[in-house]
Amino acid sequence: MVVRDNKIELEEKDYKNKFKKLKRYLDKDYKIISKGKDEETQVFIKAFNQKDLRKRYEIIYDYMCDYLDKNVCVVCDFKNNKCIGNRMGTSVHKENGCCYFRNEGFCKLFKNKKCTNPNISCKLFMCPLAEKKMGFHSLPKNYFLLKYFFNFVQRDILRYSYRKPKKDCIEDLLRKK
Ligand code: SF4
Ligand code: SF4
């Protein structure tokens, strides 16, 4: 990378080493001026350049929810309200995937056949069958943006905050910075 006047220009080797050398500039007044090669690096640059942590976390949260919907949750392959786990009998439930909770039953945030509360932990969760189909463990540490911008404790928050509203998840993440 080339660093001049608090501006960072990315080079090929920064992409190769997953921007490791930029970490020291992350919470300082340095901005990346390169455009980014793909959607993920564009979001990375946007998040890196956003020095207000709440706004940075919101950028990552929103992008990841959308990314997981399009690339991970599709593996559940819903047909007539039944996911692949419901259909194959690997889930204890007969329909509506795995949106169930002990002592509560079916999640009350599911209304009119859809989830009314986009939540990153729910979207990250994959049962063994879905993970096998995907060939990949859907854990925060296995997604570049979540690994880069969040510490170990924050990654646990991202993993286990099922159903929590986004604003409460962001508050928890800020508290554990
Ligand atoms: S994670 Fe498994 S049980 Fe849950 S919705 Fe997907 S396929 Fe169904
Ligand atoms: S909040 Fe989570 S558990 Fe509830 S309906 Fe949405 S995805 Fe399912």
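The rules we used
- Residues numbered from 1 in each chain as written.
- Chains lettered and ligands numbered in written order.
- Predicted model: local features only at pLDDT ≥ 70, side-chain atom pairs only at ≥ 80, totals over all residues.
- Near = placed C-beta within 6 Å.
- Nonpolar A, V, L, I, M, F, W, Y, C, P; charged D, E, K, R; others polar.
- Axes fitted to C-alpha atoms, helices over the stretch in contact; angles between N-to-C directions.
- Helix = DSSP H or I, 4+ residues; strand = E, 2+ residues; numbered from the N terminus.
- Parallel < 35°, antiparallel > 145°, perpendicular 65-115°, else oblique.
- Left-handed = near helix turned anticlockwise from the far one by under 90°.
- Contact = placed C-beta atoms within 7 Å.
- Domains from an automatic or database assignment.
- Pairing = 2+ DSSP bridges.
- Core = buried A, V, L, I, M, F, W, Y, C linked by C-beta atoms within 7 Å.
- Buried ≥ 20, exposed ≤ 12 C-beta atoms within 10 Å, placed from the backbone.

With respect to spatial proximity, the complete set of residues near ligand 2 consists of C99, C107, L109, F110, C115, N117, N119, C122, Y162 and R163. In terms of residue class, the shell around ligand 2 is made up of seven nonpolar, two polar and one charged.

Bringing the packing of helix α3 (residues 53-71) against helix α9 (residues 166-175) into the picture now. Where α3 meets α9, the closest approach of the two axes is 10 Å, and the angle between their N-to-C directions is 125°. When the axis of α3 is compared with that of α9, the two are oblique. Along this stretch, α3 crosses α9, giving a crossing that reads as right-handed. Between α3 and α9, the residues in contact are L53, R54, Y57, E58 and Y61 and K166, C169, I170, L173 and L174, respectively.

Buried accessible area, meaning the area lost when the parts come together, often serves as the stated size of an interface. Looking at the assigned domains, one finds that the protein contains domain 1 (1-51) and domain 2 (52-175). The straight-line distance from the C-alpha centre of domain 1 to that of domain 2 is 28 Å. Of the residues assigned to the side of domain 1 that touches domain 2, the class counts are four nonpolar, one polar and four charged.

What follows deals with the sheet that holds strand β3 (residues 31-32). Spatially, the three strands line up as an open sheet ordered β1-β2-β3, and their pairing is mixed. The open sheet has two free edges, formed respectively by β1 (2-4) and β3, since each of these has just one partner strand. With two bridges joining them, strand β2 (residues 7-9) and β3 adopt parallel strand pairing. Counted as the bridge partner of K7 is K31 from β3.

Surveying the vicinity of ligand 1 reveals the residues C76, C83, I84, G85, S91, G97, C98, M126, C127, L129 and A130. Sorting the residues of the shell around ligand 1 by element identifies α4 (84-88) and α6 (128-134) as the ones contributing at least two each. Looking at the shell around ligand 1 residue by residue, the class counts come to eight nonpolar, three polar and no charged.

Right, let's talk about the nonpolar core for a bit. Counting 22 residues, the largest nonpolar core has Y61, M64 and L158 as the members making the most contacts within it. Elements that contribute at least two residues to this core include exactly α3, α5 (120-124), α8 (152-160) and α9. Here the element with the most residues in this core is α3; it accounts for five residues. Once you skip the residues sitting within four places of it in the chain, L158 turns out to touch I120, S121, L124, P140, L146 and F150.

Turning our eyes to something else, we now look at the packing of helix α2 (residues 39-49) against α3. As a packed pair, α2 and α3 sit with axes 8 Å apart at the nearest point and diverge in direction by 160°. Put simply, α2 runs roughly antiparallel to α3. The crossing of α2 and α3 is left-handed. Facing V43, K46 and A47 of α2, the residues of α3 in contact are R56, I59, I60 and Y63.

Turning to α2, its buried residues number three or more, namely T41, V43, F44, I45 and F48. Among the structural elements, β3, α3 and α7 (144-149) are those in contact with the buried residues of α2.

A positive phi angle, near 55°, is found at K18, a position not held by glycine. Checked against the element boundaries, K18 lands in the loop between α1 (12-16) and β3. Positioned with a positive phi, N96 is a non-glycine residue whose angle comes to about 60°. With respect to the helices and strands, the residue N96 is situated in the loop between α4 and β4 (100-101). On the basis of neighbour count, N96 is assigned to the partly exposed category, with 17 C-beta atoms found within 10 Å.

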